[in-house]
Amino acid sequence: MKVVQFGLHYSPNLGDGIIAECLAHGIVTRAPGAEVVTVDISGRQGFEEVVVKNRQLVMKLLGMMPLPLRQRVVLAKLGPMVARFAEGWQQELEGADLAVVGGGQILSDADLNFCIKLSAVARAIRAGDVPAAIFGAGVSKNWTPKGRALFLDLLATDLRMVGLRDAPSIEAWRAQTGNPAPQAVLTRDPGLLAAACYGAPARHPGGVGICCTDPALLAYHADAEVAGGSTLHRDLVTALISAGHRVTLFSNGAEEDGAFQHRLGQELAEFVSSGALTMASVPTRPEELAHLVAGFDAVVAHRLHACIIAHSYGLPVVGLGWDRKVESFFASVGQEAAFVGAAEAGGQAVAGVLEAAMARGIDADRHARVLAEAWDAIDRLLACA
């Protein structure tokens, strides 16, 4: 069996790489001998490759434009770029038994970005006459008319499965597509297979890991309140250290997140010099991120896949709101009490939620059921070929 997986394998946000590698691991585990070819829909060929330079400046400029102008600019700039690197996708699809689109929040109309890319993916799949499946994907209820027209190109393929990772995504898909066949079904995020994919880390430094995410990125992509104000991370570190915890700041790998982590370290230099606060090196590969997270005793994060990795390894984790997908994940695994969504939430309050989560621990039976559901989703995917 040959499976071609279209996703964001080489994204600087290594959570996307976690998805791609865990999905590939699930496929070859359930179908030994299967060949999995990963295609990064942003045209990256490796983890170090930068597709868009000065991304923060680009986002700032786009944010200043009215929507019609933003879309015209993105179509003019991104459209030809995607067309160039999509030329090789047809070759990757030769002899394929199944093309998989997902996971991640890729069915989101953020200035037509994913819309343009997935339309190109759909055209390549259709030209190659390969059965297709959407798998473990998130859907945002933000499609513009132009974005919707591009996303609907996926329905013109031999689409055999629409597997979405949470109930709000299913509702958003139905509302924005007209609910065509095949009916959308719930499929667990492949990142839940992280512990099985990457195994135990060599080191267990313990303590609390706080995932640093650039506030500007959160504000640009948010579809809900961003939990905590500008001082949340600093206040949270102070509260946890005062309570006797060792704390490590880390990021998911994106350059902007790493820069934010560095700034926090400078602001909290006194704790760093005392040894109470550790600054983790920025991971460069998904496995590094998985093992970094797995080595903590507990985790606090805005980033969804820092939360998912922690849950895969059975760690207490507190999720911070900014996107509905984070809240949806915590609800889906029975950890609603460990989600903090209020914009006014302060460091002391988040520290209290973490203390409670650590005291409760993870329900072993519920955790096992969630992981079993993730494996069952892989089996349903392979049945599409």
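Everything below is about the structure printed above this text.
Predicted model, so just to flag it, every value in this text is computed and none were measured.

Undergrad: Requested: an account of the pairing of strand S1 (residues 2-7), with residues and values cited.
TA: Judged by how many residues are buried, S1 sits mostly within the fold: six of six residues are covered. The side-chain alternation of S1 yields two buried faces, one formed by Lys2, Val4 and Phe6 and the other by Val3, Gln5 and Gly7. Here six bridges tie S1 to strand S2 (residues 35-40), and the two strands are oriented parallel to one another. Looking across to S2, one finds that Val3 is bridged to Val36. In this structure, S1 lies alongside strand S3 (residues 98-101), joined through four bridges in parallel fashion. Looking at S3, one finds that Gln5 is bridged to Val100.

Undergrad: Explain the sheet that holds strand S12 (residues 317-320) residue by residue, including any values.
TA: The strand order S10-S9-S8-S11-S12-S13 describes an open sheet built from six strands, whose pairing is parallel. Single-partner strands in this sheet number two, and they are strand S10 (277-279) and strand S13 (339-340). When strand S9 (residues 247-250) meets S10, the two strands line up parallel, connected through three bridges. Note on S10: the bridge partner recorded for Thr248 is Thr278. Its contacts with the sheet place helix H11 (residues 255-267) against S9 and S10, and it is angled at close to 145 degrees to S9.

Undergrad: Tell me about unusual backbone geometry, and name the residues and values.
TA: Outside of glycine, negative phi angles account for most residues, and trans bonds account for most peptide bonds. For the peptide bond that leads from Gly102 to Gly103, omega is -10 degrees, which places it in the cis range. Within the secondary structure layout, Gly103 lies in the loop between S3 and strand S4 (104-107). Geometrically, the link from Ala181 to Pro182 is a cis peptide bond, its omega value of -5 degrees lying close to zero. Positionally, Pro182 belongs in the loop between helix H7 (167-177) and strand S7 (184-186). In the Ramachandran plot, Leu112 falls in the positive-phi region, its phi being about 70 degrees despite a non-glycine side chain. Within the secondary structure layout, Leu112 lies in the loop between S4 and helix H5 (113-128). Despite not being glycine, Asp129 has its phi angle at roughly 55 degrees, a positive value. Looking at the secondary structure, you find Asp129 in the loop between H5 and strand S5 (132-139).

Undergrad: Describe empty space enclosed by the protein, listing the residues and the values that go with them.
TA: Tallying each qualifying case throughout the model produces two cavities of 30 Å³ or more. As a volume, the largest cavity reaches approximately 70 Å³. Lining of the largest cavity is provided by Arg165, Asp166, Arg188, Asp189, Leu192, Leu304, Ile308, Lys325, Phe329 and Ser332. Secondary structure elements with two or more residues in the lining of the largest cavity: helix H14 (304-312) and helix H15 (324-332). Here the lining of the largest cavity gets three residues from one element, more than from any other, and that element is H15. Partitioned by chemical class, the residues of the lining of the largest cavity number four nonpolar, one polar and five charged. There is about 40 Å³ of room inside the second largest cavity. In terms of lining, the second largest cavity is formed by Gln5, Gly7, Leu8, Asp16, Ile19, Ala20, Gly102 and Gly103. Mapped by element, the contributors of at least two residues to the lining of the second largest cavity are S1 and helix H1 (14-30).

Undergrad: Summarise the packing of aromatic side chains; cite the residues concerned and give the values.
TA: Applying the stated criterion to the full structure yields eight aromatic pairs. For the ring pair Phe6 and Trp89, a centre distance of 5.6 Å and an interplane angle of 70 degrees mean the geometry is edge-to-face. One end of the pair, Phe6, is in strand S1; the other, Trp89, is in helix H4 (residues 89-92), and 83 residues separate them in sequence. Note on accessibility: Phe6 and Trp89 belong to one class, buried. Taking the centre distance of 4.9 Å and the plane angle of 80 degrees together, the rings of Tyr10 and Phe47 count as edge-to-face. Placement of Tyr10 in the loop between S1 and H1 and of Phe47 in the loop between S2 and helix H2 (55-63) is noted, with a sequence separation of 37 residues between them. Neither residue differs from the other here; Tyr10 and Phe47 are each classed as buried. Of the aromatic side chains, those joined through ring pairs into one cluster are Phe6, Phe85 and Trp89.

Undergrad: Lay out the nonpolar core in plain terms, naming residues and giving numbers.
TA: The nonpolar side chains of soluble globular proteins are, as a tendency, buried together. Membership of the largest hydrophobic core comes to 81 residues, with the highest contact counts inside it found for Phe250, Val350 and Leu381. Per-element tally for this core: the top contributor is helix H17 (residues 364-382), with seven residues. In this structure, Val39, Ile116, Ala132 and Leu159 belong to the second largest nonpolar core, which totals 43 residues.

Undergrad: Explain helix H16 (residues 347-360) residue by residue, including any values.
TA: Note: α-helices contain 3.6 residues per turn, so residues at a spacing of three or four share the same orientation. Its 14 residues place the ends of H16 20 Å apart at the C-alpha level, agreeing with the 20 Å of an ideal helix rising 1.5 Å per residue. For H16, the full list of buried residues reads Gly347, Val350, Ala351, Leu354 and Ala357. In a view along the axis of H16, the buried residues occupy a sector of 120 degrees, so they form one face of it. Away from its buried face, by an angle of more than 90 degrees, H16 presents the exposed residues Gln348 and Ala359. In this fold, the buried residues of H16 make contact with strand S8 (208-211), helix H10 (232-242), strand S11 (298-301), S12 and S13. In the segment just after H16, Gly361 is the residue with positive phi, at about 75 degrees.

Conventions adopted
Residues numbered from 1 in each chain as written. Predicted model: local features only at pLDDT ≥ 70, side-chain atom pairs only at ≥ 80, totals over all residues. Heavy atoms only, no water. Buried < 20%, exposed > 50% of the residue type's maximum accessible area, 1.4 Å probe, protein only. Helix = DSSP H or I, 4+ residues; strand = E, 2+ residues; numbered from the N terminus. Pairing = 2+ DSSP bridges. Contact = heavy atoms within 4.5 Å. Axes fitted to C-alpha atoms, helices over the stretch in contact; angles between N-to-C directions. 1 Å grid on protein atoms, 1.4 Å probe; cavity = no way out; pocket = protein on both sides within 12 Å on 5 of 7 lines; lining within 4 Å. Points joined across faces, edges and corners; volume = space filled by probe spheres on them. Nonpolar A, V, L, I, M, F, W, Y, C, P; charged D, E, K, R; others polar. Phe/Tyr/Trp six-rings, centres within 6.5 Å; stacked < 30°, edge-to-face > 60°. Core = buried A, V, L, I, M, F, W, Y, C linked by side-chain atoms within 4.5 Å. Expected span 1.5 Å × (residues − 1). Arc of directions from axis to C-beta.

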